[in-house]
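Okay, here's what each chain looks like letter by letter:
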Amino acid sequence: MKNIIFLAPPAAGKGTLSEMLVEKYGYAHISTGDLLRSEVALKTPIGLEAESLMKAGKYVPDELILKLISNRITNSDCQNGYILDGFPRTKVQALKYDELLKDLGKDLGVVIYIDIDKDMAVKRACSRITCPKCGKIYNKYSSEMKPKVEGVCDDCKEALTQRQDDNEETFIKRFDEYMQKTMPLYDYYKEKGVLKTIKAYESKFDTFKEAVKVIEE
Ligand code: AMP
């Protein structure tokens, strides 16, 4: 299976699409945001360093992210393919990741860019709620993404919460940080010939269909 990198602004649907692809193909799902949020919850040294930056909508230092990634992709569950959701996010991370792959003798796979405009992303982020236990993503105002019982995870029955950085003010900072630091990776991967673009549709099933098409091409 080709490894996948999702290159997309926050709230483009990387997490939801990853869940669907994990179910269809059995990928390992690596979300640097989720890895960081668990470090924060456990109050580890990484978590303590990352917390205030995340709250401010800023990126966490590259070295710290690279440490998390190099530990994670060498786990046995990644041997048959993995999805990178939220990494690389800077040119330094992309270059270091290329070196890491070379050392490990692994292929980059495919980079999927999810195209979404800022207004739609803001709307999605502000109504997004997640399960603090399993990480499943819901949306209060979307008929297909609403939990069966309001405010409760369908699977683990935990009370759903809103991410601290999913308020409009912080979200706009995250979006702008993405445009400035991550968007240059679009050209980087385009030049390598590994970039595919899909559109973020209102319906996750339409976006999923496009993703499957580019993965199976
Ligand atoms: P996400 O869940 O992908 O939206 O990430 C949440 C936050 O975690 C981001 O706003 C950053 O503060 C931090 N973060 C996640 N991935 C990275 C990364 N690859 N590089 C730097 N910071 C990151």
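Residues numbered from 1 in each chain as written. Predicted model: local features only at pLDDT ≥ 70, side-chain atom pairs only at ≥ 80, totals over all residues. Heavy atoms only, no water.

Asker: Report on the nonpolar core, specifying residues and quantitative values.
Answerer: Membership of the largest hydrophobic core comes to 33 residues, with the highest contact counts inside it found for Leu36, Tyr82, Tyr97 and Tyr189. Ranked by residues supplied to this core, first place goes to helix 4 (residues 62–73) with six residues. Residues in contact with tyrosine 97, not counting those within four places in the same chain, are Ile5, Leu66, Ile69, Ile73, Tyr82, Leu84, Phe87 and Leu108. Membership of the second largest hydrophobic core comes to 27 residues, among which are Phe6, Ala12, Ile112 and Ala125. (Core = buried A, V, L, I, M, F, W, Y, C linked by side-chain atoms within 4.5 Å. Buried < 20%, exposed > 50% of the residue type's maximum accessible area, 1.4 Å probe, protein only. Helix = DSSP H or I, 4+ residues; strand = E, 2+ residues; numbered from the N terminus. Contact = heavy atoms within 4.5 Å.)

Asker: Got a sec to walk through the packing of aromatic side chains? Specific residues and values, please.
Answerer: Here the structure, examined in full by the defined rule, presents six aromatic pairs. Here phenylalanine 175 and tyrosine 178 contribute two aromatic rings whose centre-to-centre distance is 6.4 Å and whose plane-to-plane angle is 55°, an arrangement assigned as tilted. Taken together, the positions of phenylalanine 175 and tyrosine 178, both in helix 7 (residues 168–182) and three residues apart, correspond to about one turn of that helix. With respect to burial, phenylalanine 175 and tyrosine 178 carry one shared label: buried. Here tyrosine 188 and tyrosine 189 contribute two aromatic rings whose centre-to-centre distance is 5.1 Å and whose plane-to-plane angle is 70°, an arrangement assigned as edge-to-face. The burial state of tyrosine 188 is the same as that of tyrosine 189; both residues are buried. An aromatic cluster is built from Phe171, Phe175 and Tyr178, whose rings are joined through pairwise contacts. (Phe/Tyr/Trp six-rings, centres within 6.5 Å; stacked < 30°, edge-to-face > 60°.)

Asker: Got a sec to walk through the sheet that holds strand 4 (residues 110–115)? Specific residues and values, please.
Answerer: If you trace the five strands from one edge of the open sheet to the other, you get 2-3-1-4-7, paired in parallel fashion. The strands lining the two open edges of the sheet, one partner per strand, are strand 2 (28–31) and strand 7 (195–199). The mean angle between the axes of side-by-side strands here comes to 25°, regardless of whether they run parallel or antiparallel. Judged from the four bridges that link them, strand 2 and strand 3 (residues 82–85) form a sheet pairing that is parallel. Paired with isoleucine 30 across the two strands is leucine 84, which belongs to strand 3. Where helix 2 (residues 32–41) meets the sheet, its contacts fall on strand 2 and strand 3, and the angle it forms with strand 2 comes to roughly 65°. (Pairing = 2+ DSSP bridges. Axes fitted to C-alpha atoms, helices over the stretch in contact; angles between N-to-C directions.)

Asker: Pulling in residues and values, what's your account of the layout of surface pockets?
Answerer: Approximately 160 Å³ is the volume found for the second largest pocket. What lines the second largest pocket is Thr16, Glu19, Met20, Lys136, Ile137, Tyr138, Glu144, Met145, Lys146, Lys148, Asp154 and Lys204. Counting residues per element, the ones that place at least two in the lining of the second largest pocket are helix 1 (14–25) and strand 6 (137–139). A per-element tally of the lining of the second largest pocket places helix 1 first, with three residues. Its residues placed into classes, the lining of the second largest pocket shows four nonpolar, one polar and seven charged. (1 Å grid on protein atoms, 1.4 Å probe; cavity = no way out; pocket = protein on both sides within 12 Å on 5 of 7 lines; lining within 4 Å. Points joined across faces, edges and corners; volume = space filled by probe spheres on them. Nonpolar A, V, L, I, M, F, W, Y, C, P; charged D, E, K, R; others polar.)

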